[in-house]
Amino acid sequence: MSFENFRTAVRGGVILPGDPDFDRVAQPWNTAVAQSVAAVVEVADALDVATVLEYARQTGRAVVTQPTGHGATGDIDGAILVRTTRFNTIDIDAAQRVARVGSGVQWGQVQTAAAAHGLTGLAGSNPVVGVTGYTLGGGFGWFARKYGWAAGG
C-alpha cells in the first residue's frame, strides 16, 4: 500500500510532519518529551486500526498508541503514533451501575455523564486522564485508597 493510499484509506485522519496541526497532535501530555514520529493517525474506528497495522507491517514501522497523550516516550523515532480521541462514546447503564466507554474518553467526560444518573466512578486524579490508561494501571485517583485503582468486569 502506498503512503497516499494509506492516507486516503484512513477515515479518521493522517497528519504528517509539515501539516498545519502536526506539532499539536504529535505533542504528548509531558511537553518535556520530544517525539519524532513519522505520522499521527487519529483513528475513527476498528477498520482504521486494522489499516494502520497493515500499513505498519508492510513498511516495517512501529505503532505506538497514546489515547490522550500520556505515556510519552522519546524512543519512538519514525513510528506511527495512534490517537484514539475519536473513539469517544459513553454508554451509562445506571441500573447496572456500569459505564462502557471508547478508548479516547477522558474521565471528566465519564464523570459528567455518570453524574446525570447520580453516579460517579473510580476516576483518575484529573479530568483529562484517559479512561484507558487509568484502567490499565497508569493512574492513581481520589477514590483509589478506599476502592482500588479501577474495576472491570
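Parameters and conventions
Residues numbered from 1 in each chain as written. Predicted model: local features only at pLDDT ≥ 70, side-chain atom pairs only at ≥ 80, totals over all residues. Heavy atoms only, no water. Patch = residues over 30% accessible without salt bridge, like charges linked within 9 Å, V, L, I, M, F, W, Y side chains within 5 Å. Areas by Shrake-Rupley, 256 points an atom, 1.4 Å probe, with all protein chains shown as cover. Salt bridge = Lys/Arg side-chain N within 4 Å of Asp/Glu carboxyl O. Helix = DSSP H or I, 4+ residues; strand = E, 2+ residues; numbered from the N terminus. Buried < 20%, exposed > 50% of the residue type's maximum accessible area, 1.4 Å probe, protein only. Arc of directions from axis to C-beta. Pairing = 2+ DSSP bridges. Polar contact = N/O pair within 3.5 Å; in protein donor to acceptor, adjacent residues only side chain to side chain. Contact = heavy atoms within 4.5 Å. Expected span 1.5 Å × (residues − 1).

K.L.:
Go over a nonpolar patch on the surface, please, and point to the residues and values.
P.N.:
A cluster of nonpolar side chains, Val49, Leu53 and Val63, forms an exposed patch at the surface whose accessible area comes to about 210 Å². Within the secondary structure, Val63 sits in strand E3 (residues 63–65).

K.L.:
Lay out helix H4 (residues 107–115) in plain terms, naming residues and giving numbers.
P.N.:
Residues separated by three or four positions in an α-helix point in the same direction, a consequence of the helix having 3.6 residues per turn. For H4, the full list of buried residues reads Trp107, Gly108, Val110, Gln111 and Ala114. In a view along the axis of H4, the buried residues occupy a sector of 160°, so they form one face of it.

K.L.:
Got a sec to walk through the pairing of strand E2 (residues 39–42)? Specific residues and values, please.
P.N.:
Residues in a regular strand project their side chains so that they alternate between the two faces of the sheet. Burial along E2 is two-sided: the residues Ala39 and Val41 and Val40 and Glu42 are all buried. One ladder, built from 2 bridges, connects strand E1 (residues 14–15) with E2; its direction is antiparallel. In the strand pairing of E2, Val14 is matched with Val41. Two elements, E2 and strand E4 (residues 80–83), share 4 bridges in a ladder whose sense is parallel. Across the sheet, Glu42 pairs through a bridge with Arg83, a residue of E4.

K.L.:
Give me the lowdown on the pattern of salt bridges, citing residues and values where you can.
P.N.:
Across all of its chains, the model carries 5 salt bridges by this definition. For Arg57, the salt bridge goes to Glu54, with nearest N and O atoms at 2.6 Å. Note that Arg57 and Glu54 are positioned in helix H3 (residues 46–59) at a spacing of 3 residues, about one turn of the helix.

K.L.:
Let's hear about the side chain of Glu42: which residues, and what values?
P.N.:
Following the sequence through the fold, Glu42 ends up in strand E2. A polar contact of 3.4 Å, which involves the side chain of Glu42, links it to the side chain of Arg86. Discounting residues that sit within four places of it in the chain, Glu42 has contacts with Gly12, Gly13, Ile15, Val25, Asp48, Arg83 and Arg86.

K.L.:
Outline the side chain of Gln66, supporting the account with residue identities and numerical values.
P.N.:
Tracing the backbone shows Gln66 in the loop between E3 and E4. When its relative accessible area of 0% is taken as the criterion, Gln66 is described as buried. Here the side chain of Gln66 touches Gln35 through a polar contact of 2.6 Å, side chain to side chain.

K.L.:
Would you mind going over H3 in detail, with residue names and values included?
P.N.:
Along its 14 residues, H3 runs 20 Å from first to last C-alpha, staying within 8% of the 20 Å computed at 1.5 Å per residue. Asp48, Thr51, Val52, Tyr55 and Ala56 are the residues of H3 that are buried. Viewed end-on, H3 has its buried residues packed into an arc of 130°, placing them on one side of the element. Exposed and facing more than 90 degrees away from the buried side of H3 are Ala46, Leu47 and Arg57. The secondary structure elements touched by the buried residues of H3 are helix H1 (3–9), E2, E3 and E4. Sitting at the head of H3, Asp45 places a side-chain oxygen 3.2 Å from the backbone nitrogen of Leu47. Gly60 sits one or two residues past H3 and shows a positive phi near 75°.

K.L.:
Mind laying out unusual backbone geometry, listing which residues take part and the relevant values?
P.N.:
Of note in the backbone geometry, Arg97 takes a positive phi value of approximately 60° without being a glycine. Considering the arrangement of structural elements, one finds Arg97 in the loop between strand E5 (90–93) and strand E6 (98–101). Exposure remark for Arg97: the relative accessible area of 65% places this residue in the exposed category.

Shape is all these values report; function is a separate question.
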